[in-house]
Amino acid sequence: MDPPAITGEDRSSPEPKMTLKRYFVKALHRLQKGPGYTYKELLVWYCDNTNTHGPKRIIREGPKKKVIWFLLTLLFASLVFWNWGSLILTYLSYGVSASLAIGFKTMTFPAVTICNASPYRYSKAKPYLQELDNLIDAALGRILQPPNENLTVSSPTNSSQDLNMQLWNQIPLMLIDESNVTHPVIYDILGNHSSFANLDGKNCKLALKLCTNNGTSCTYRNFTSAAQAVTEWYVLQSTSILSQKTERERIEMGYKAEEMILACLFGAEPCNYKNFTHLYHPDHGNCYIFNWGVEKKPLISSNPGAEFGLKLILDISQDDYIPYLTSTAGSWLMLHEQKTFPFLKDQGIYAMAGTETSIGVLVDELVRMGAPYSDCTVNGSDIPIKNLYQDYPTYQEETVPTEPCSNCTMEDRKESSTGGVYRTTYSIQACLRSCFQAWMVKDCNCCHYSFPRVQGKPYCNNKEFPDWAYCFSELRNQLEIRQTCIKSCKETCNNTQYKMTISMADWPSEASENWIFHILSYERNKSRDITVDRSGIIKLNIYFQEYNYRTIVETAGTTVVWLLSSLGGQFGFWMGGSVLCIIEFGEILIDFVWITVLKLIGWFKGLRRKQSQPPKQDALPTVSKRVEAHTNLGFQGGEEGEEGANGNPGDNDLAADGEAGSEPGTPPPQYDSLRVSAMDVMEMDSDGEVDPTKA
């Protein structure tokens, strides 16, 4: 049979492998060989071949000019590197520049949030706040008591049985007499004291006494005015009471949309309270948002001017305000983006009763660059704090169940469950409040009433958490916590700001108030009598002043192109170099490192070789020592002894002379073949030779 023929493919297949192997072998040999230069030769070669101007003059000029050109080259090279460092640091600072653009387009009308200045109607909240009112009336009576009267807590008008002293002692109001600065005197306002009218009012301060650990540790929060102290005390106490009520009860205590919004007109289209979205806020009660965009598509304003804006007439019912909780009459108003939560205390304004308030709006769109140019967030997903306002409940849970409700009916479950959530977008105000609520839960083990509740945690109140007011006051005054929240929260990268121009006028006028009040009274409750007055009526006009909007866009102040051009400009100006010169310099650096690595490898190999060699002897070995080292023990024994006994004495002398001379010689070979041994006794070692030890 003929062998199989070898095709061209089979013949050529080993060649690429051999070629690749030879290539790697050559490359390895080239690496082991190195550049073939010394340090001095490498520097001379670089100076002679580089395109940079200075180094060539160093090796071609005379001795004096060499020194001058060396110093100049060193100076300008230092300037280049210094400028390069400054440019790189400028680039790494990621500065931005803002550009302003003015555009014209049809714009989305902003969301408008309105709330009453009083969160609740006093007529509906009075049953829950009656004990607070009795306490504060008694306290003010003691403070404002004339000097000639001796009115005490046990007087008939304010008998101790009518006052809830347990509620008072949880957060009492104290009077501090600082006539003696070193030893101030502290009085409990409802304590067993006579009138305070004899005290010097200039040296007295009203303070809240906040205690923890069953009253063992207390602090006093001073106020310069008794009005501030009374309001703060009432807010803390009412917060504790109202937080224990269900949300349905709190909503029922607030102002209804049909009672508050008397008239509505958007452009030429009529509207009413049904076009507003209800939002319950613990600080403001029932709020109503127009054009929020969470339920319907946002509205577009067709033209600028007051005729194409939003017109509202509100009734704030000032006569039903809670006297000690709200001292300001009017309506909260805020313009904001769609689907953002309104924070009226931060960005809202007041509309005064008995006036027509016109608000002209200008729009500013701010577009920030993201990291690393600015510390902003797109949607808050990269913020480590959970946004409690993201899913704001339309009807928050009434209670926090400690165990599953097995006896609840389906109707009870509907009462205690949420009716849905409002999906709001991220804002820095929401982040800051969520951060503070997280600290409240961590340090006080309860949630503050003004912020959304953390799941599984109840609201703070005096009954279950008697130390909550002290804890809340300490947290609010700690600068470190506020700074931590500010560092954790970020501004949004894209933001729309509404600049407002506000003007006011009396409304209605004296000539027209009669017929206007009659019409509004009839439209509200079908009454032919006037049931509204100037103290409770507000008219609002909200419109775009013009359709010109400003867009402020951040752009990178320094780019990679700017950095490369600046680096090249500095290098070309001081050294007359280019990118090729930098490549040449990189080449010499590589060769320098290459030579250094090879020298280090050679040094380590030499050091290891020296450590592995045996130590050197001081003198050469004698002939007898060498002979003895190669003497076969099989030829010694009795024969040597006989020769030593019967031999000539001159032989010993010759041996002695040989040892004394120490002349080198060739020792005789070691043969074992002349020694007769039994075959069955001899054995072979592993190398195929006879092992004399086993013979």
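The structure presented is a predicted model; accordingly, all values stated were derived computationally and were not measured.

Student: In this structure, what is going on with the packing of aromatic side chains? I would like to understand it.
Tutor: Each aromatic ring pair is described using two quantities: the centre-to-centre distance and the angle formed by the ring planes. Here the structure, examined in full by the defined rule, presents 26 aromatic pairs. Aromatic side chains Phe109 and Phe266 sit 5.1 Å apart centroid to centroid with 75° between the ring planes, which places their arrangement in the edge-to-face category. Highlighted residues: Phe109 in the loop between strand E1 (96–104) and strand E2 (111–116) and Phe266 in strand E7 (residues 261–266), separated in sequence by 157 residues. Note on Phe266 and Phe290: the rings are 5.6 Å apart at their centroids and 50° apart in plane angle, and the pair reads as tilted. One end of the pair, Phe266, is in strand E7; the other, Phe290, is in strand E10 (residues 285–290), and 24 residues separate them in sequence. Across this residue pair, the class does not change: Phe266 and Phe290 are buried. Members of the aromatic cluster, each reached through a chain of ring pairs, are Phe104, Phe109, Phe266, Phe276, Phe290, Phe544 and Tyr547. Over the ring of Tyr549 we find Lys105; its NZ or CZ atom is 4.8 Å from the centre of that ring.

Student: Would you take a moment to explain the side chain of Gln437 for this structure?
Tutor: Along the chain, Gln437 turns up in helix H13 (residues 428–444). Among the residues examined, Gln437 registers a relative accessible area of 0% and is labelled buried. Ignoring any residue separated from it by four or fewer positions in sequence, one finds Gln437 in contact with Leu388, Cys447, His448, Phe451, Pro452, Arg453 and Val454.

Student: What is the right way to look at a nonpolar patch on the surface in this model?
Tutor: Together, Tyr39, Phe592, Val593, Val597 and Ile601 line one region of the surface with nonpolar side chains, adding up to about 420 Å² of accessible area. When residues in the nonpolar patch are grouped by element, the largest group, four residues, is from helix H18 (residues 579–612). Mapping Phe592 onto the fold places it in helix H18. The class for Phe592 is partly exposed, based on a relative accessible area of 42%.

Student: Would you mind showing me how to read helix H14 (residues 468–477) here?
Tutor: Structurally, the α-helix is built with 3.6 residues per turn, so residues lying three or four positions apart point the same way. When you tally the buried positions in H14, you get seven out of 10 residues, the bulk of the element. Its buried side turned inward, H14 meets strand E5 (204–212), strand E6 (217–223), helix H8 (226–242), H13 and helix H15 (479–488).

Student: Looking at this structure, I do not really get the nonpolar core. What am I missing?
Tutor: One recurring pattern in soluble globular proteins is that nonpolar side chains are buried together. Counting residues in hydrophobic clusters, the biggest one holds 67 residues, and the most contacted among them are Tyr120, Trp168, Leu173, Ile189, Trp233, Ile322 and Trp468. Per element, the largest residue contribution to this core is eight residues, and it comes from helix H6 (residues 122–143). Counting 35 residues, the second largest nonpolar core, distinct from the first, contains Val112, Ile114, Cys264 and Ile538.

Student: Before we go on, may I ask you to explain the sheet that holds strand E4 (residues 185–188) in this structure?
Tutor: Strands pair in a sheet through their backbones, by hydrogen bonds, and they do so in one of two ways: parallel or antiparallel. Pairing in this open sheet of four strands is antiparallel, and the strands run E4-E3-E5-E6 from one edge to the other. Since the sheet does not close on itself, it has two edges, and those belong to E4 and E6, each with one partner. Between one strand axis and the next, the sheet turns by 35° as a mean value, whatever way the strands run. Across seven bridges, the pairing between E5 and E6 is antiparallel.

Student: Whenever I open this one, the pairing of strand E14 (residues 355–367) confuses me. Can you help?
Tutor: Looking along a regular strand, one sees side chains alternate from face to face of the sheet. When E14 meets strand E19 (residues 494–506), the two strands line up antiparallel, connected through 13 bridges. Considered in E19, the bridge of Val361 is made with Met500. Two strands pair when backbone bridges link them, and E14 and strand E20 (residues 537–544) are joined in this way by seven bridges, in the parallel orientation. In the strand pairing of E20, Thr355 is matched with Ile538. As judged from the four bridges shared by E14 and strand E21 (residues 548–556), these two strands associate in the parallel manner. Opposite Asp364, over in E21, you have Arg550 as the bridge partner.

Student: How do you make sense of the environment of Leu567 when you look at a structure like this?
Tutor: Topologically, Leu567 is positioned in helix H17 (residues 560–575). Considering only alpha carbons, one finds Leu567 and Asn83, 484 residues apart in sequence, at a separation of 7.9 Å. Excluding residues that lie within four positions of it along the chain, Leu567 makes contacts with Trp84 and Leu87.

Cut-offs used in this document
Residues numbered from 1 in each chain as written. Predicted model: local features only at pLDDT ≥ 70, side-chain atom pairs only at ≥ 80, totals over all residues. Heavy atoms only, no water. Phe/Tyr/Trp six-rings, centres within 6.5 Å; stacked < 30°, edge-to-face > 60°. Helix = DSSP H or I, 4+ residues; strand = E, 2+ residues; numbered from the N terminus. Buried < 20%, exposed > 50% of the residue type's maximum accessible area, 1.4 Å probe, protein only. Lys NZ or Arg CZ within 6 Å of the ring centre and 35° of its normal. Contact = heavy atoms within 4.5 Å. Patch = residues over 30% accessible without salt bridge, like charges linked within 9 Å, V, L, I, M, F, W, Y side chains within 5 Å. Areas by Shrake-Rupley, 256 points an atom, 1.4 Å probe, with all protein chains shown as cover. Salt bridge = Lys/Arg side-chain N within 4 Å of Asp/Glu carboxyl O. Core = buried A, V, L, I, M, F, W, Y, C linked by side-chain atoms within 4.5 Å. Pairing = 2+ DSSP bridges. Axes fitted to C-alpha atoms, helices over the stretch in contact; angles between N-to-C directions.

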